[in-house]
Amino acid sequence: MAECGRVDSSTSSHTMDKSITLPPDEIFRNLENAKRFAIDIGGSLTKLAYYSTVQHKVAKVRSFEHNVKDAASDKLYEISVQEEVTARLHFIKFENAYIETCLDFIKDHLVNTETKVIKATGGGAHKFKELIERKLGLKVDKEDEMTCLIKGCNFVLRNIPHEAFVYAKHADSEFRFQTTNPDIFPYLLVNIGSGVSIVKVESEDKFERIGGSSIGGGTFWGLGALLTKTKRFDELLQLASKGQHASVDMLVKDIYGGSYGSLGLTGDLIASSFGKSATADKEFSKEDMAKSLLHMISNDIGQLACLYAKLHNLSRVYFGGFFIRGHPVTMHTITYSINFFTKGEVQALFLRHEGYLGAIGAFLKGAEEDNPNQYSWGENYAGSSGLMSVSPDMNPMQRARSGTFDMLEMDRLERQLVNLPLLQDPSSYIPDTVDLTEDALAREYWLYCFEEALDGVVKRAVASQPDIPEANERAEKFRQKYRHKLQTLRHQPFAYGSLTVRSLLDTREHCLNEFNFPDPYSKIKQRENDMALKYYQKAVKSMEELSWEQRQFALVRGVLAGNVFDWGAKAVSDVLESDPEFGFEEAKRQLEERPWLVDSYNQWLERLKGPPHKCALFFVDNSGVDIILGVMPFVRELLSRGTEVVLASNSGPALNDVTNGELQILTERIAAMDQVIQAGLREDRLTLVQSGSSSPCLDLSRLDKVLAMVVRERQTDLVIIEGMGRAIHTNYYAMLSCESLKMAVIKNSWLADRLGGKLFSVVFKYEMPPGKPSQDSAALMPS
């Protein structure tokens, strides 16, 4: 969070004063590369959107020409760090009181913007038109407010997982985030500003304002000011959060002496808002009147929304606008109202970024020539503030400062991301096995775990760039930023949607990239790949000497033993740090004996006695021993059976996971010494595809579009998911429409203990598609 001070007569008009707590470039980042602007100015908040290009470092691998004898010719590939330019969207929210100072700052830091026009929307766009044009030298082009709102809403629903949430005040976790439905239409948007607009949205460009009300946020503010003499909206909300409405409102029990059963009314139901003020001869507190008023307005809006939802047969109703602003009491009263009037059939849904919808929509209107909707975008956790960062209730100390900034950043992804076509029901798919937002014990453990691992990550980041003097300084900045994120998540676990092990890992990767550490494990991976390749032929030869049944078990044990080599697990990284010679055979000895913690091996063996699968999609995990000595012999066996294989690996680096670039080189080298792999490549029966992910975990709803196309074309009938991150932290409960095999070794003693196992316990979960008898009734995770 940062603040922007007012300009006074003693300072120049283009200086941010000393009340800023973070450097200005933390707020208006990458301004020098800004290409396009949009602005949404409401009654008290300004939302600024701009598009910029960001230079960042990426780690590339390139195969050596092995016919050239040089010092490096014994190595498999070389690693180079290159500069790449990617697109980033920035959204900043601040109070109108600071608009002049902020415009001055933007003007002074713009270098060569191509923009001649700034798109503007919102009630204040006309009021501040002359100021914007004078300060920035740009023409203001006003856009329709409702069109911008809908465009913005569609954009966040499509691109930000866990954008929508249900608010449950008295639940263990107040925020329950919704799975992103691939089909977002139709829905009802109830926008509560000064008044209320109710919009039915049927497609990207088809929407209609079907109703509204003059009783909205302006009514609450206006009547609240008259009743309490409080002029500030946030102060009015603060009063409401402390009040007791029952001292002002007449309840059912005040009339009937209890509940009114024949009408299904409970005694605590409001019979008449402000009803007691007509008869009671006493003064009412400001807090109680504000609370009563908030209930009155919210209940009225809730009932109106329900009637329109029923009239148009819509079950998805999103609430947004200045009135909401992530305020817990407001969300609770609207939720209660919706539940009451629909008997729980319709849920009130709120949006993490509802304050930005207009600005995003205005930006999209001005960016139609390079159509942002043709790309997939991802939230950059390193540069985003998170939900509730400016909530009046959640952060009173923050609100007490002179002005608070809230930020959202979104990066354009290289690939368009889509659902895995083999998901049984994409609308109910949840990647993550445990929601740390709801599980307090697990949350505390994993936050502690990531804090404990921070020194090691910093050390490896510096070691990955030994010839760059300022690496230490950047690594220290990374440490501070990631630690700050962890502290934020300890107090606001809902900041970026459901808190999970996956989101903690992704946040760390975002922060590493922010400070130009694109692949801290690159040299470790290179060394381990070189080493493992030397043993490949010996490993394959030992398999060929076994009987068919012995070989199937040895292949599975090989994959599991290979998966032990995971630098993301502290128990393993400590061993690998202290004993670089820790080997494949040693890893096999570490595995638990059968029966495993989850053990479907007998069912898998029986299935292998049947006809071969047509095509197996294999999501691979780690570099080195894992991919070369574990996965490749397994793949070789599938190919020998007549099964086509698609190997899906990360598009970008994460921990010591093998990337698609590395896997291409490894597979070529293996093919040079293995005729089965060579024939698979030559005959197009072995295909290498990137997953579209740069995470140690796996979200099957956000995969590379090319991968989805290959899966369909090859008529894939088996999905294999390997590794703790991909098969336990995520996808343990994933239901697929084909056979699936999930294999992992548990390399975290706390998790092993929680699951009733021990360190190096094995999960081998083979599942048949729905409609066929289940091969494994073992339940691993608590529901």
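Residues numbered from 1 in each chain as written. Predicted model: local features only at pLDDT ≥ 70, side-chain atom pairs only at ≥ 80, totals over all residues. Heavy atoms only, no water.

Going by an unreviewed UniProt entry, the protein carries the name 4'-phosphopantetheine phosphatase and comes from Seriola dumerili. Turning to the protein, the UniProt record has this under Subcellular location (unreviewed entry): "Cytoplasm". Taken verbatim from the UniProt record of the protein, the Subunit (unreviewed entry) comment is "Homodimer. Interacts with PKM." (UniProt positions renumbered as here; feature names shortened; annotations may be inferred.)

Novice: I would appreciate a short explanation of the packing of aromatic side chains in the present structure.
Specialist: When we look at a pair of aromatic rings, we describe it by the centre distance and by the angle of the planes. This structure, assessed with the given rule, holds 36 aromatic pairs. Between tryptophan 221 and phenylalanine 233 the ring centres are 5.3 Å apart and the planes differ by 70°, which places this aromatic pair in the edge-to-face class. Here tryptophan 221, found in helix α6 (residues 217-228), pairs with phenylalanine 233, found in helix α7 (residues 233-242); they are 12 residues apart in sequence, far enough to count as distant. What makes tryptophan 221 partly exposed here is its relative accessible area of 29%. You can call phenylalanine 233 buried: its relative accessible area is 3%. Where tryptophan 446 meets tryptophan 750, the ring centres are 6.1 Å apart and the plane angle is 80°; that geometry is what we call edge-to-face. One end of the pair, tryptophan 446, is in helix α13 (residues 440-463); the other, tryptophan 750, is in helix α27 (residues 749-754), with 304 residues separating them in the sequence. With relative accessibility at 23%, the residue tryptophan 750 sits in the partly exposed group. Taken together, the ring pairs connect Phe165, Tyr167, Phe175, Phe177, Phe319, Phe350 and Phe494 into an aromatic cluster. The cationic tip of arginine 412 hangs over the ring face of tyrosine 375; the distance from NZ or CZ to the ring centre is 4.1 Å. (Phe/Tyr/Trp six-rings, centres within 6.5 Å; stacked < 30°, edge-to-face > 60°. Helix = DSSP H or I, 4+ residues; strand = E, 2+ residues; numbered from the N terminus. Buried < 20%, exposed > 50% of the residue type's maximum accessible area, 1.4 Å probe, protein only. Lys NZ or Arg CZ within 6 Å of the ring centre and 35° of its normal.)

Novice: Can you walk me through the side chain of histidine 353 in this structure?
Specialist: As for its placement among the helices and strands, histidine 353 is situated in the loop between β14 (347-351) and α11 (357-366). Since its relative accessible area comes to 7%, histidine 353 is described here as buried. Of the polar contacts made by the side chain of histidine 353, one reaches the side chain of glutamate 163; its length is 2.7 Å. Other than its neighbours up to four places away in sequence, histidine 353 contacts Ile160, Glu163, Glu379 and Leu408. (Polar contact = N/O pair within 3.5 Å; in protein donor to acceptor, adjacent residues only side chain to side chain. Contact = heavy atoms within 4.5 Å.)

Novice: It is not clear to me how unusual backbone geometry should be interpreted in this structure. Could you clarify?
Specialist: Note on backbone geometry: most residues besides glycine have negative phi, and most peptide bonds are trans. Between phenylalanine 185 and the following residue, proline 186, the backbone shows a cis peptide bond with an omega angle of -10°. Within the secondary structure, proline 186 sits in the loop between β7 (175-177) and β8 (187-192). Cis geometry is adopted by the peptide bond preceding proline 595, which originates at arginine 594 and carries an omega value of 0°. In this structure, proline 595 sits in the loop between α20 (584-590) and β18 (598-599). The phi dihedral of aspartate 684 falls on the positive side, at around 60°, and the residue is not glycine. Locating aspartate 684 in the fold gives a position in the loop between α24 (675-682) and β21 (686-690). For aspartate 684, a relative accessible area of 43% translates into the label partly exposed. Of note, phenylalanine 760 is a non-glycine position whose phi angle comes to about 70°, a positive value. One can find phenylalanine 760 in the loop between α27 and β25 (761-767).

Novice: Could you clarify how one ought to interpret the sheet that holds strand β5 (residues 139-142) in this entry?
Specialist: Pairing between the strands of a sheet is mediated by backbone hydrogen bonds and can be parallel or antiparallel. Across the sheet, which stays open at both edges, the seven strands sit in the order β5-β4-β1-β2-β3-β16-β15 with mixed pairing between neighbours. Whereas interior strands pair on both sides, the edge strands pair on one side only; in this sheet they are β5 and β15 (377-379). If you compare each strand with its neighbour and ignore which way they point, the axes differ by 30° on average. In this structure, strand β2 (residues 45-63) lies alongside strand β3 (residues 77-95), joined through 19 bridges in antiparallel fashion. Bridge pairing in β3 links valine 54 to threonine 86. Along the sheet, helix α2 (residues 99-109) contacts β1 (34-41), β2 and β3; its crossing angle with β3, the most-contacted strand, is approximately 150°. Each of β1, β2, β3 and β4 (117-121) is contacted by α11, which is oriented at about 135° to β1, the strand it contacts most. (Pairing = 2+ DSSP bridges. Axes fitted to C-alpha atoms, helices over the stretch in contact; angles between N-to-C directions.)

Novice: What is the right way to look at the sheet that holds β18 in this model?
Specialist: Across the sheet, which stays open at both edges, the seven strands sit in the order β18-β25-β24-β23-β19-β20-β21 with mixed pairing between neighbours. In this open sheet, the two strands that pair with only one neighbour each are β18 and β21. Pairing between strand β24 (residues 739-746) and β25: seven bridges, direction antiparallel. The partner of leucine 741 across the bridge, within β25, is tyrosine 766. Together, β23 (718-722), β24 and β25 form the strand contacts of helix α18 (residues 548-563), whose direction differs from that of β24 by roughly 50°. Against the sheet, helix α21 (residues 601-608) contacts β18, β23, β24 and β25, and its axis sits at roughly 45° relative to β25.

Novice: It is not clear to me how the nonpolar core should be interpreted in this structure. Could you clarify?
Specialist: Considering soluble globular proteins, one finds that nonpolar side chains tend to be buried as a cluster. Core analysis: the largest hydrophobic core is formed by 66 residues, its most contacted members being Trp446, Leu504, Phe619 and Leu700. With 11 residues, the single largest contributor to this core is α13. Taken together, domain 3 (434-515) and domain 4 (525-767) each give at least three residues to this core, which thus spans both. Once residues lying within four places of it in the same chain are set aside, the contact partners of tryptophan 446 are Leu436, Val501, Leu504, His729, Asn748, Trp750 and Leu751. (Core = buried A, V, L, I, M, F, W, Y, C linked by side-chain atoms within 4.5 Å. Domains from an automatic or database assignment.)

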